[in-house]
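# Architecture at a glance
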Amino acid sequence: MSYENYEADDYQEEIKDLSVQLADMLNVALYFAGVKKAKLEEAIDAYLDDMDETLGEDEDAPMGFDEIVKVINHLKSARKDLFA
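Predicted model, so just to flag it, every value in this text is computed and none were measured.

In terms of regular secondary structure, the protein chain is built from three helices and zero strands. The order of helices and strands in the protein chain, counted from the N terminus, is α-α-α. Across its three principal directions, the C-alpha atoms of the protein chain cover 50 × 30 × 15 Å. Counting the 84 residues in the protein chain, one finds 20% classified as buried. Look at the contacts in the protein chain between residues 6 or more apart in sequence, and 50% of them connect residues 24 or more apart.

Listed below in structure tokens is the structure:
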């Protein structure tokens, strides 16, 4: 795909599509970590809340593999009710 002729609306649509894909991937990660399917929406909210508690409030902090695993592990111990 060539980005030479992209307009601002095209970039916005691409960002929206990527956001949906990221949300789906987080749902999958939480599901495979053991979150009950019926509790995924609640787990997403808890995950987002736990990010600040686990990683601090630095918005420029890296959010890679290790950080995601750290937040999920913290969630597993703090919110056992979400997991099967």
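Both the distance between ring centres and the angle between the ring planes are used here to describe each pair of aromatic rings. For the structure shown, the criterion picks out one aromatic pair. Look at Tyr-31 and Phe-32: their rings are 5.4 Å apart centre to centre, the planes differ by 80°, and that puts the pair in the edge-to-face class.

The rules behind each value
Residues numbered from 1 in each chain as written. Predicted model: local features only at pLDDT ≥ 70, side-chain atom pairs only at ≥ 80, totals over all residues. Heavy atoms only, no water. Helix = DSSP H or I, 4+ residues; strand = E, 2+ residues; numbered from the N terminus. Buried < 20%, exposed > 50% of the residue type's maximum accessible area, 1.4 Å probe, protein only. Contact = heavy atoms within 4.5 Å. Phe/Tyr/Trp six-rings, centres within 6.5 Å; stacked < 30°, edge-to-face > 60°.

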